[in-house]
Amino acid sequence: MQKKIPLNALLWAIALLPFGYWLFLHLNQDAWWDEILSFKNYALVEVKTTLTSYPDPNNHIFFNLLNGMYARLLGTADLYEALDQLPLYRALQAVFALGCLLYVYLLGRQLTNPAYAVFGVLLLTCTLPFLNFSLQLRGYNLSGFFLAGSLYHGWKYLDTHKQAHLAALFAGIFLLLYTLPSNIYPLAVFLLFLCWEGYTKFKKSPRKEKKKARRYLIWLLAALGTGFLLVYLAYLPVLENVLNNRFVTKEPPTKTFAISTLLPKVLTYFVSNRWGLLLFVGIGFIAGKRKKTWAGLSFRARVLLYVLFGTFLLVFLHGKAPFERTLVCLAPVFALSLSTLVYKAAEVIEIKRVGKKAIALILSLYSLGTCLFEIEQNDQKLIQNLVLEKREQNLYRNYYLSSKFTPDAVAKKISQTRKLKNPVIMADEIDRVSVLYYLLKYNIESYGVAKVRHKKQKVGGQDYNYVAMVQKTNGRDQDVHYINMPCRLPANTGMKEYLVLLSLYQQKHPGQGFLLLTAYAHRLEDNRKLFQGYTFLKHEEESYLSVFEGSRT
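Criteria and cut-off values
Residues numbered from 1 in each chain as written. Predicted model: local features only at pLDDT ≥ 70, side-chain atom pairs only at ≥ 80, totals over all residues. Heavy atoms only, no water. Salt bridge = Lys/Arg side-chain N within 4 Å of Asp/Glu carboxyl O. Phe/Tyr/Trp six-rings, centres within 6.5 Å; stacked < 30°, edge-to-face > 60°. Helix = DSSP H or I, 4+ residues; strand = E, 2+ residues; numbered from the N terminus. Buried < 20%, exposed > 50% of the residue type's maximum accessible area, 1.4 Å probe, protein only. Lys NZ or Arg CZ within 6 Å of the ring centre and 35° of its normal. 1 Å grid on protein atoms, 1.4 Å probe; cavity = no way out; pocket = protein on both sides within 12 Å on 5 of 7 lines; lining within 4 Å. Points joined across faces, edges and corners; volume = space filled by probe spheres on them. Core = buried A, V, L, I, M, F, W, Y, C linked by side-chain atoms within 4.5 Å. Contact = heavy atoms within 4.5 Å. Axes fitted to C-alpha atoms, helices over the stretch in contact; angles between N-to-C directions. Parallel < 35°, antiparallel > 145°, perpendicular 65-115°, else oblique. Nonpolar A, V, L, I, M, F, W, Y, C, P; charged D, E, K, R; others polar. Patch = residues over 30% accessible without salt bridge, like charges linked within 9 Å, V, L, I, M, F, W, Y side chains within 5 Å. Areas by Shrake-Rupley, 256 points an atom, 1.4 Å probe, with all protein chains shown as cover. Lys, Arg positive; Asp, Glu negative; His and termini not counted. Charge placed at Lys NZ, Arg CZ, Asp CG, Glu CD. Pairing = 2+ DSSP bridges.

Draft legend 1. Spotlight on the pattern of salt bridges. Summed over the entire model, instances satisfying the criterion amount to 17 salt bridges. Across the salt bridge formed by Arg 397 and Glu 392, the nearest N and O atoms sit 3.2 Å from each other. When the shortest N-O distance is used, the salt bridge between Glu 525 and Arg 528 registers 1.9 Å. In the salt-bridge network here, residues are joined through shared partners; they are Asp 159, Glu 197, Lys 201 and Arg 300.

Right under this line is the structure:
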């Protein structure tokens, strides 16, 4: 007689399936713009540079420090070796993502029961923003791990008074903020209610236990104060740039942006099209109120909601407009909040012969199906967006996660098949940095336009109406340099990059053929009149990039 598979084991299998599928799809994903710059400028450098270089928020200091140490462990010599070892670097991020899932499970056990704790894990693995950033070589995945860990160890310290949990909370606070300063928003809300709960426990403790309870509360406050002090000292070498860089000082488009725009957008992304779960919670709430059986949420379950919504309130009060991706650390908080609400709804909704665990299984299958569908739909949408000349980058869809984002394969094929050894022309390539460095990986030089701006000037007796900053590479081991080039261009065309590069190429390599890389292949055909005298022969690629072999006729 066959043994039945325990329901919790089945729930675990369903919960981990989306993350396993994501690993299969993206463990070997090519690096994109910010990942490459993080490697080049902050991780594969001296430790002093990592700790003291902060020209903009692109340096997630603790993440890059950790990645730099990992690079030394792997023996990575330079950026190009790192690009060959990307699965190993993404595997390290997968470990932290799994650690975050573990914390969500442990927190879920405190708030609900083992089955619904696993359900909370599943809600997180089926949350598209969590998946999108779980393997990214930036500090966002670490932020979710440290925030979830701070929640768990903070509450465990209040329950057990064990110094190990206090030490873990202290470490979580420091590393969370040293990874991304913007993590202060959710952390501040949580610590406020953590201290309030600690104070309440102190006030309610019996007279004989008052002295001991006071000591535990003082230890907690001391740990928090020391943690913030050390973060301040760690940021001191770069504090001016942390507080006053161009992104931090940028004003939001409207005063209520954080509440009216950012909040609904981020929460919609977190729902990840699983609106049926919210419907179930709503039905459960209404049924519970009618039967007077809805017992309400525990204090800690409410704290999760306070952290989730209070983060946006603090952003609003601060009057800033952070990038959506800085808020992906809230995904574990969202998953825990939703799993707790579903658990409460399942308690009051009576379905004949269906218990709470069975409801968890049904909703798990629903979430899994929705997640797999959304992953596929996102990929198709990203590919369609290229035709519409749209580079999507948000919590839900990112161009660099498309199955067609394969700059390494394109560069490798060019290195194997090209006849001329002249530089390659890049125009409308979507991700100039990734294309540039993948070409350099195979020692292919290139031209690309960094900027074209309107500027009337006279040079050598000639009138010009634009100036272009052209990016030029001279080989794998040489620095990228820039050429300021005066241009005469038609004012009403979006093809300025192409015209600038073709003109410069003809100056540097007169009469010679060329290779052109672009993500918007249709633009050459649609604007054929602008390119009279040129022929373009397209090479089909299994990539978002098209390669054209061109010549002057």
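What follows continues from the structure just given.
Draft legend 2. Layout of the packing of aromatic side chains. In total, this model carries 33 aromatic pairs according to the counting rule given. Between the aromatic rings of Tyr 103 and Tyr 152, the centroid separation amounts to 5.7 Å while the plane-to-plane angle is 45 degrees, which identifies the pairing as tilted. With a gap of 49 residues between them, Tyr 103 in helix H6 (residues 86-111) and Tyr 152 in helix H9 (residues 140-160) connect regions that are remote in the sequence. The burial state of Tyr 103 is the same as that of Tyr 152; both residues are buried. Arranged with centres 5.2 Å apart and planes meeting at 80 degrees, the rings of Tyr 399 and Tyr 400 form a pair that is edge-to-face. Accessibility classification places Tyr 399 together with Tyr 400 in one group, the buried group. Aromatic ring contacts, followed pair by pair, group Tyr 447, Tyr 498, Tyr 505, Phe 514, Phe 531, Tyr 534, Phe 536 and Phe 548 into a single cluster. Here the guanidinium or amino end of Arg 215 rests over the ring plane of Tyr 216, the centre of that ring lying 5.4 Å away. Residue placement shows Arg 325 over the ring face of Phe 323; its charged tip is 4.5 Å from the ring centre.

Draft legend 3. A look at the layout of surface pockets. Taken as a whole, the largest pocket encloses approximately 1,300 Å³ of empty space. Together, 47 residues line the largest pocket, and Pro 57, Asn 245, Phe 247, Val 248 and Phe 323 are the ones closest to its centre. At the level of secondary structure, the elements contributing two or more residues to the lining of the largest pocket comprise helix H2 (33-43), helix H11 (184-204), helix H12 (210-235), helix H13 (239-244) and helix H14 (257-271). No other element matches the five residues that H2 contributes to the lining of the largest pocket.

Draft legend 4. Layout of the nonpolar core. Core analysis: the biggest nonpolar cluster contains 183 residues, and Tyr 116, Phe 130, Leu 220 and Ile 414 have the highest contact counts within it. Among the elements that take part in this core, H6 stands out by supplying 13 residues, more than any other. Apart from the residues within four sequence positions on either side, Tyr 116 is in contact with Ser 339, Val 342, Tyr 343, Ala 346, Lys 356, Lys 357, Ile 359 and Ala 360.

Draft legend 5. Looking closely at the packing of helix H1 (residues 7-26) against helix H18 (residues 356-387). Contact pair H1 / H18: the axes reach a minimum separation of 10 Å and the direction vectors enclose 10 degrees. With respect to their mutual orientation, H1 and H18 come out roughly parallel. Packed against H1, whose contacting residues are Leu 7, Asn 8, Leu 10, Leu 11, Ile 14, Leu 17, Pro 18, Tyr 21, Trp 22 and Leu 25, the element H18 presents Lys 357, Ala 358, Ala 360, Leu 361, Ser 364, Leu 365, Leu 368, Cys 371, Leu 372 and Ile 375 at the interface. Counted by class, the contact of H1 with H18 contains 17 nonpolar, two polar and one charged residues.

Draft legend 6. Here's a closer look at unusual backbone geometry. Residue Glu 389 is not a glycine yet carries a positive backbone phi of 55 degrees. Relative to the elements of secondary structure, Glu 389 occurs in the loop between H18 and helix H19 (407-417). In this model, Ile 430 sits at a positive phi of 75 degrees, which is unusual for a non-glycine residue. Ile 430 sits in the buried class, given a relative accessible area of 10%.

Draft legend 7. Examining a positive patch on the surface more closely. On the surface, a cluster of positive charge is made up of Lys 211, Lys 212, Arg 214 and Arg 215. By the secondary structure assignment, Arg 214 is in helix H12. Accessibility expressed as a relative area gives 39% for Arg 214, which makes it partly exposed.

Draft legend 8. Up close: the pairing of strand E5 (residues 514-518). In terms of residue burial, E5 counts as a mostly covered element, since five of its five residues are buried. Residues Phe 514, Leu 516 and Thr 518 line one face of E5 and the alternating positions Leu 515 and Leu 517 line the opposite face, and both faces are buried. Relative to E5, strand E1 (residues 424-426) runs parallel, the two being bridged by two bridges. Considered in E5, the bridge of Met 426 is made with Leu 517. Pairing geometry for E5 and strand E7 (residues 546-552), over five bridges, is antiparallel.

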